[in-house]
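What the coordinates show
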Amino acid sequence: EVHGASSVFFEHGLANILFRLATLSGVLGKTEMNAISHNSNSSLSSVFEIVEERLGDDLRVFDMAIWAGVDTKTLTRMFKRETGKTPFAYLTSRRVERAKTLLRKEVSVTETALAVGYANPAKFSAAFRRSVGVTPSEWARVQITC
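What comes next concerns the included structure. (Residues numbered from 1 in each chain as written. Predicted model: local features only at pLDDT ≥ 70, side-chain atom pairs only at ≥ 80, totals over all residues. Heavy atoms only, no water.)

Focus on the packing of aromatic side chains
Per the counting criterion, the structure on display carries six aromatic pairs. Look at Phe-48 and Tyr-90: their rings are 5.0 Å apart centre to centre, the planes differ by 45 degrees, and that puts the pair in the tilted class. Taken together, the residues span a long stretch of sequence, with Phe-48 in helix H3 (residues 40-53) and Tyr-90 in helix H6 (residues 87-104) at a distance of 42 residues. Each member of the pair, Phe-48 as well as Tyr-90, is classed as buried. Taking the centre distance of 6.1 Å and the plane angle of 75 degrees together, the rings of Phe-128 and Trp-139 count as edge-to-face. In this pair, Phe-128 sits in helix H8 (residues 121-132) while Trp-139 sits in helix H9 (residues 136-145), placing the two residues 11 residues apart along the sequence. As far as the burial class goes, Phe-128 and Trp-139 line up, both buried. Put simply, the rings of Tyr-118, Phe-124, Phe-128 and Trp-139 pair up and form one aromatic cluster. Between the NZ or CZ atom of Arg-95 and the centre of the ring of Tyr-118, over which it lies, the distance is 5.7 Å. (Phe/Tyr/Trp six-rings, centres within 6.5 Å; stacked < 30°, edge-to-face > 60°. Helix = DSSP H or I, 4+ residues; strand = E, 2+ residues; numbered from the N terminus. Buried < 20%, exposed > 50% of the residue type's maximum accessible area, 1.4 Å probe, protein only. Lys NZ or Arg CZ within 6 Å of the ring centre and 35° of its normal.)

Structure follows, in structure tokens:
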């Protein structure tokens, strides 16, 4: 850590070890394996696919970096270049868009929160409000009456 590169080296090494363990134990599915085996642009495309498939799961930026076969800093640069957002902001925006679809179908706010990866409906509501400007209930009410 004295030279500043140690933590990046450690993170990358840890990501490689975790990837290898996940591969050997069969934790990673076919889509995740494909994401890691391609170059960075197609890796990012595969990460986008995995995120869409697993929006309801407890996804972390660290997981996304492993799927892309890069460290978290590199993943953040890749995401900003491709989407203009950080990986976390991208994940949040995708969850909000999926939530809008569910709310249009009159799925309850609690069920929607769980379906898009939030264990706590209050945290989901706060994230939705930050993104959309109104609570999920208010947004759904307007959508249903239109």
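Let's talk about the pattern of salt bridges
Using the criterion set out here, one finds five salt bridges in the structure. Between Arg-54 and Asp-57 there is a salt bridge whose closest N-O contact spans 2.9 Å. The exposure class of Arg-54 is partly exposed, given its relative accessible area of 26%. Between Glu-97 and Lys-100 there is a salt bridge, with the nearest N and O atoms lying 3.3 Å from each other. Taken together, the positions of Glu-97 and Lys-100, both in helix H6 and three residues apart, correspond to about one turn of that helix. (Salt bridge = Lys/Arg side-chain N within 4 Å of Asp/Glu carboxyl O.)

Structural notes on the packing of H6 against H8
Running from N to C, H6 and H8 cross one another at 100 degrees; their axes reach a closest spacing of 11 Å. As summarised for this structure, H6 and H8 are arranged roughly perpendicular, according to the angle between their axes. Only Phe-124, Phe-128, Ser-131 and Val-132 of H8 make contact with H6, whose side of the interface consists of Val-96, Ala-99, Lys-100 and Leu-103. Here the contact of H6 with H8 is built from residues that sort into six nonpolar, one polar and one charged. (Axes fitted to C-alpha atoms, helices over the stretch in contact; angles between N-to-C directions. Parallel < 35°, antiparallel > 145°, perpendicular 65-115°, else oblique. Contact = heavy atoms within 4.5 Å. Nonpolar A, V, L, I, M, F, W, Y, C, P; charged D, E, K, R; others polar.)

Concerning the packing of H6 against H9
H9 packs onto H6 with a crossing angle of 50 degrees between their chain directions and a minimal axis gap of 9 Å. When the axis of H6 is compared with that of H9, the two are oblique. Taken as a pair, H6 and H9 cross one another with a handedness that is right-handed. Residue-level contacts link Lys-100, Leu-103 and Arg-104 of H6 to Pro-136, Trp-139, Ala-140, Gln-143 and Ile-144 of H9. (Left-handed = near helix turned anticlockwise from the far one by under 90°.)

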